[in-house]
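Each chain, written out:
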Amino acid sequence: MNAPISPGSGLAPAMALHRARHLAVLCQGRAVHLAGQTDNASRQAIAATATLVDSSAELVLSLAAQTPAAILAGLSALVARCDAKGVLVLSEALTDGAAAGDPTLRAALASRFRTVATLVQRPLAASAILPAQQAGLRILPLSAPPAADPVCLIHLCSDGPVSLPGPALHELGAGFTPPPLQPALMASVPLALPAAGLAAALAGLRSRTVALAERLDRQSRAMIDQDAEIERLRRSGGTTLQPRTLADLRAERHDWPLADNPGATPDRLGVYERRPDDPVMLESRAGDAFLQHHALLDAAPDLAGAIAAINTLRPRQPPAPAVSVVIPVHGQLGYTLNCLHSLATLPDRTGFEIILIDDASPDGSAVHLAGIHGLHLLAQTENRGFLASCNLAAEQARGRFVLFLNNDTRVVPGWLDALVESFTRFPRAGLVGSKLLYPDGRLQEAGGIIWRDGSAWNDGRDDDPNRPGYCVARQVDYISGCSIMLPTALWRSLGGFDRLFTPAYCEDADLALRVRAAGHEVWYQPLSGVVHYEGRTSGTDLTRGVKAYQVVNARKLYLRWRDALAGHRPNGEAPLRERERHVQRRALVIDATAPTPRQDAGSVTAIITMQLFQRLGYKVHYVPQDNFLYQPQHIAPLQAQGIEAAYAPYDIGFSQYIRAHGAQFDVVLVFRVTILERVIEDLRRHAPQAPILFHNMDLHFLRMERQAEADNDDLARKEAADMRARELDLIGQVDTTITHSTYERDLLATLAPTAPVVVWPFMFPFHGTDVPFAPRHDFCFLGGYTHAPNIDAVVFMAHEVMPLIWRHEPDARFIIAGANPGPEVKALASARIVVTGQIEDLRDVFDAARVFVCPLRIGAGTKGKVSTAMAYGMPVVTTTCGAEGMDLSDGQEVLIADTAADFAAACLRVYRSAALWRRLSKAGQRLVQDKHSLQTGQTILTTAIETALLHKLGLAEGAMG
């Protein structure tokens, strides 16, 4: 309906426009109408926002607090064209003494709408807030209410059912009672506000409600102000504005020792001096050395020496390559040889072929390149242009993937593997591209942004490439064709680069848009690094030569894709959000330090949890509570799969990080009680909008109590009692507690009966086994040996159980596998007891041993090692403690025994019986597939988030229907 649009009088038109645009974002793309009084200037400014003018509006909002007379006067205009399925939201300004509102207005609304639901709302910091459950909308008035501190009645009117928001976000004055709801309304409204006792029910939520409302208001205003500043900069600076001028670059510049100091070497770097792109700088140095050694950029280059050096390295050309690397060449022979030299030294595992097409180079490149071994060389007699050359060369591709690589590049170790692996990590990927850096270490591109007018930005150009935001895989609009990979079948189905963009430029952006139009995704992979000597072949002058086609082809790109680009922002507007246009929801995951999945089961759980968040559509941010050291071996794998990690020197502490970023998160998950203790106050203060999930791994106090009893230690008992009080207090403060153990769930039902608890079994990828019973030998255990229960278990097994087993099986060994074995564990090593340390591939142990033992006598929670062993097809013998909380049955999935004699007897039964071994192996594998699969985990995580959100909003579980 074309009702007047009101952001509130007195706003400058430019600010009104930005606020209206922001409201459209909050409404998640719904058509919205704003009704009320306004001045002409503001009306004209807001009317310019086309997304807010649509006759099929689903929502009609009167944002300013209105008097009943004003609402009645405009009511006919407001509802004349309201969609019958839509929701009309009106606010009526009252005083405390007029609690029931105007009966004339109520009667008028009831005569028009089948459902009229009324909420009482006192404005908080100029914000009236309805939670997201109500039509996916949060309402923010754009002007102050007319009275100093009025009470508002919020009327939700519809010809269909209306789900009322819960009371948790409605702040009521002392003694203020909401008007009773009509009896007829109750049938159509799943949740009703009680007529009495509401103030008492809200007493404990008052301070949290006010803080949440004020935080949301500040966040919204800050985003609006940022949009306004971006618009001002864009208009004053033309189209040359780059991301370097925006918010993320207000941070202080950090040193990059390997780039800043030519003499620095990796072995001399301190632990806090390492950066993600150190390998790029090393490769850039290698390129400089190769170019200089053979004088390839001089007037008299040593071409023969360079070619001989490449041939000595014997670049791989496998008979069945996985990847076909297409390199188009037009001159610049020195740089081409430098590129081929890097390919010849590449240590990547992926086999590839090189198809080099020479486009009639003026320097006679083809003659010299013919002398390089194993190169598939195509030499053209006339210059056909970059685009045609790429298409022609790709026809010869034999690999499953085709990769286009500029000749003025040098690739970094891991470049090819990272691209290929991305297609497994991101199953919908249709095109994946590399991170491009200049030889001096400046960032050239971390993916590309295509604006509404078809113009494009290289994201992050000239910035520090090591910033966390540039080092995480993500979906992007396009990747410059300097280094891009596609499945060969997809490339051919799309017909290659479109000849519309002959001879070159914009063909890569067009290809990316066609990949997306075909239902695939375009991904930027930062672990695929490329040094790009930009402009060496086509120059940088946009007014002449091939480069001039960049301007012309940009116009062609816009003409073809203008409809698809209509949802993109204008050039330069909010690039920090435009670069992540695909991100709709964000999850923050917090643990002590970067996960180490090869060392402990808790880290495996952390990584799987983050992957499950991704399956649910969240972008995941991983932040340590304590150790912000950049550890490439642990952090890079997270970045490769699209998890953004925080690390020094860009982030130096949790409090600093959450102050800067807390407002953007939709949900927070914290691992371990000791971590939650340290972060919960910061989370309340800086991320009050996000429900908190607490993943306790196991009940810390329960483990401490059992250890104290085992040691008969009174001081330890006192410490366990103190931990019990602290842990239960924290469980009472969070929105949902996740436990792996049904035993601990039942215990918490007694100790913390009002706390929401979700049981989440350990989840593992299923591996299975092809190795039968006969060739296997030995018993094995897996654990991390900084954990006291694991130390006790292996000592018990070595000293009390294995001597009983050796009486019958003297050749059987006990394999103690896992990370960080200390002196007490290493001292167990002997001819028949092997202490392996950390295992890189668990199959090396699990496919060789015959029985997995878990002789735990103390500890709490469920035991990931048991599920892991079953996932690899290993029969398990464990204790009651080891089987706790996993719904395991003795004699069905495992054998359970507690004394040394019983445990040894159970081990020997499995060790000697092929039939029992096969039965336990199959039962364990079925259990993992049925109860510990990733699909099961995804379902349970969804339940945990919904449970936490209901608790956050003060709603009883199931109240939303």
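Basis of the calculations
- Residues numbered from 1 in each chain as written.
- Predicted model: local features only at pLDDT ≥ 70, side-chain atom pairs only at ≥ 80, totals over all residues.
- Heavy atoms only, no water.
- Helix = DSSP H or I, 4+ residues; strand = E, 2+ residues; numbered from the N terminus.
- Buried < 20%, exposed > 50% of the residue type's maximum accessible area, 1.4 Å probe, protein only.
- Contact = heavy atoms within 4.5 Å.
- Areas by Shrake-Rupley, 256 points an atom, 1.4 Å probe, with all protein chains shown as cover.
- Pairing = 2+ DSSP bridges.
- pLDDT = per-residue confidence, 0-100.
- Phe/Tyr/Trp six-rings, centres within 6.5 Å; stacked < 30°, edge-to-face > 60°.
- Lys NZ or Arg CZ within 6 Å of the ring centre and 35° of its normal.
- Salt bridge = Lys/Arg side-chain N within 4 Å of Asp/Glu carboxyl O.
- Axes fitted to C-alpha atoms, helices over the stretch in contact; angles between N-to-C directions.
- Parallel < 35°, antiparallel > 145°, perpendicular 65-115°, else oblique.
- Nonpolar A, V, L, I, M, F, W, Y, C, P; charged D, E, K, R; others polar.
- Expected span 1.5 Å × (residues − 1).
- Bend = angle between axes of the 7 residues up to and from the residue.
- Core = buried A, V, L, I, M, F, W, Y, C linked by side-chain atoms within 4.5 Å.
- Polar contact = N/O pair within 3.5 Å; in protein donor to acceptor, adjacent residues only side chain to side chain.

(A) How the structure looks around the overall build of the protein. Across its full length, the protein holds 33 helices and 30 strands. Per-residue burial for the protein yields a buried fraction of 57% across its 961 residues. For the protein, the share of sequence-separated contacts (at least 6 apart) that also reach a separation of at least 24 residues comes to 76%. In the structure as shown, the protein presents an accessible area of about 38300 Å², 53% of it carried by carbon and sulfur atoms.

(B) View of the sheet that holds strand 29 (residues 876–878). Taken in spatial order, the six strands line up as 27-26-25-28-29-30 in an open sheet, and their pairing is parallel. Among the strands making up the open sheet, the edge pair consists of strand 27 (833–837) and strand 30 (895–896). Sheet topology note: the strand 26 (residues 814–817)/strand 27 ladder contains four bridges and is parallel. Paired with Ala817 across the two strands is Gly837, which belongs to strand 27.

(C) Geometry of the confidence of the model for the protein. Residues with a pLDDT of 70 or more make up 71% of the protein, whose mean pLDDT is 78. A low-confidence stretch, residues 163–214 stays under pLDDT 50, and its non-local contacts, those more than four residues away or across chains, total 93 contacts.

(D) Quick look at the packing of aromatic side chains. For the structure shown, the criterion picks out 17 aromatic pairs. Consider the rings of Trp491 and Phe497, whose centres lie 5.0 Å apart with planes at 85°: the pair is edge-to-face. Every member of this aromatic cluster is reached through a ring pair, and the members are Phe781, Tyr785, Phe846, Phe852 and Tyr872. Cation over ring: Arg585 sits above Tyr618, and NZ or CZ is 4.3 Å from the ring centre. Here the basic side chain of Arg850 rests over the ring of Phe773, its NZ or CZ set 4.0 Å away from the ring centre.

(E) Inspection of the environment of Phe352 at higher detail. Summarising the element assignment, Phe352 is placed in strand 7 (residues 352–359). Among the residues examined, Phe352 registers a relative accessible area of 0% and is labelled buried. For the pair Phe352 and Pro321, spaced 31 residues apart in sequence, the C-alpha to C-alpha distance is 4.7 Å.

(F) Fine view of the pattern of salt bridges. Considering all chains together, one arrives at 37 salt bridges under this definition. As a salt-bridge pair, Arg516 and Asp477 come within 3.5 Å of each other at their nearest N and O atoms. One end of the pair, Arg516, is in helix 16 (residues 507–517); the other, Asp477, is in the loop between strand 15 (474–475) and strand 16 (483–487), with 39 residues separating them in the sequence. In this structure Asp477 comes out as buried when scored by relative accessible area, which is 3%.

(G) Region of interest: the packing of helix 23 (residues 700–711) against helix 24 (residues 714–733). Look at helix 23 against helix 24: their axes get within 8 Å of each other, and the N-to-C directions meet at 170°. Our classification of the angle between helix 23 and helix 24 gives roughly antiparallel. When helix 23 is examined against helix 24, the residues His700, Phe701, Met704, Glu705, Ala708 and Glu709 are found in contact with a partner set consisting of Ala716, Arg717, Glu719, Ala720, Met723, Arg724, Glu727 and Leu728. A breakdown of the residues in the contact of helix 23 with helix 24 according to their chemical character gives seven nonpolar, one polar and six charged.

(H) Seen up close, unusual backbone geometry. The omega torsion across Thr502 and Pro503 is 5°, close enough to zero to call that bond cis. Mapped onto the secondary structure, Pro503 falls in the loop between helix 15 (488–494) and helix 16. Of note, the amide linkage connecting Ala648 to Pro649 takes the cis form, showing an omega dihedral of 5°. With respect to the helices, strands and loops of the structure, Pro649 is situated in the loop between strand 20 (644–645) and helix 21 (654–661). At Asp462, a residue that is not glycine, the phi angle is positive and equals roughly 75°. With respect to the helices and strands, Asp462 occurs in the loop between strand 14 (456–458) and strand 15.

(I) The arrangement of the sheet that holds strand 21 (residues 667–671) in detail. The strand order across the open sheet formed by seven strands is 20-19-18-21-22-23-24, and the pairing between neighbours is parallel. The open sheet has two edge strands, strand 20 and strand 24 (757–759), and neither has a second partner.

(J) View of helix 22 (residues 673–686). Counted at 1.5 Å a residue, the expected span for helix 22 with its 14 residues is 20 Å, and the 20 Å between its end C-alpha atoms agrees. Along its length, helix 22 shows its largest kink, about 45°, at Val679. Within helix 22, the full set of buried residues consists of Val673, Ile675, Leu676, Val679, Ile680, Asp682, Leu683 and His686.

(K) Structural view of the nonpolar core. Phe779, Met797, Ile805, Phe814, Phe846, Phe852 and Val853 are the most contacted members of the largest nonpolar core, which has 61 residues in total. Ranked by the residues each element gives to this core, the list is headed by helix 26 (residues 788–806), at 10 residues. Leu291, Leu346, Phe352 and Val531 belong to the second largest nonpolar core, which has 53 residues in total.

(L) Local environment of the side chain of Ser921. Here Ser921 lies in helix 32 (residues 914–931). For Ser921, a relative accessible area of 4% translates into the label buried. One polar contact links the side chain of Ser921 to the main-chain carbonyl oxygen of Gly873, over a distance of 2.7 Å. Ser921 has contacts with Gly873 and Pro875, leaving out every residue within four places of it along the chain.

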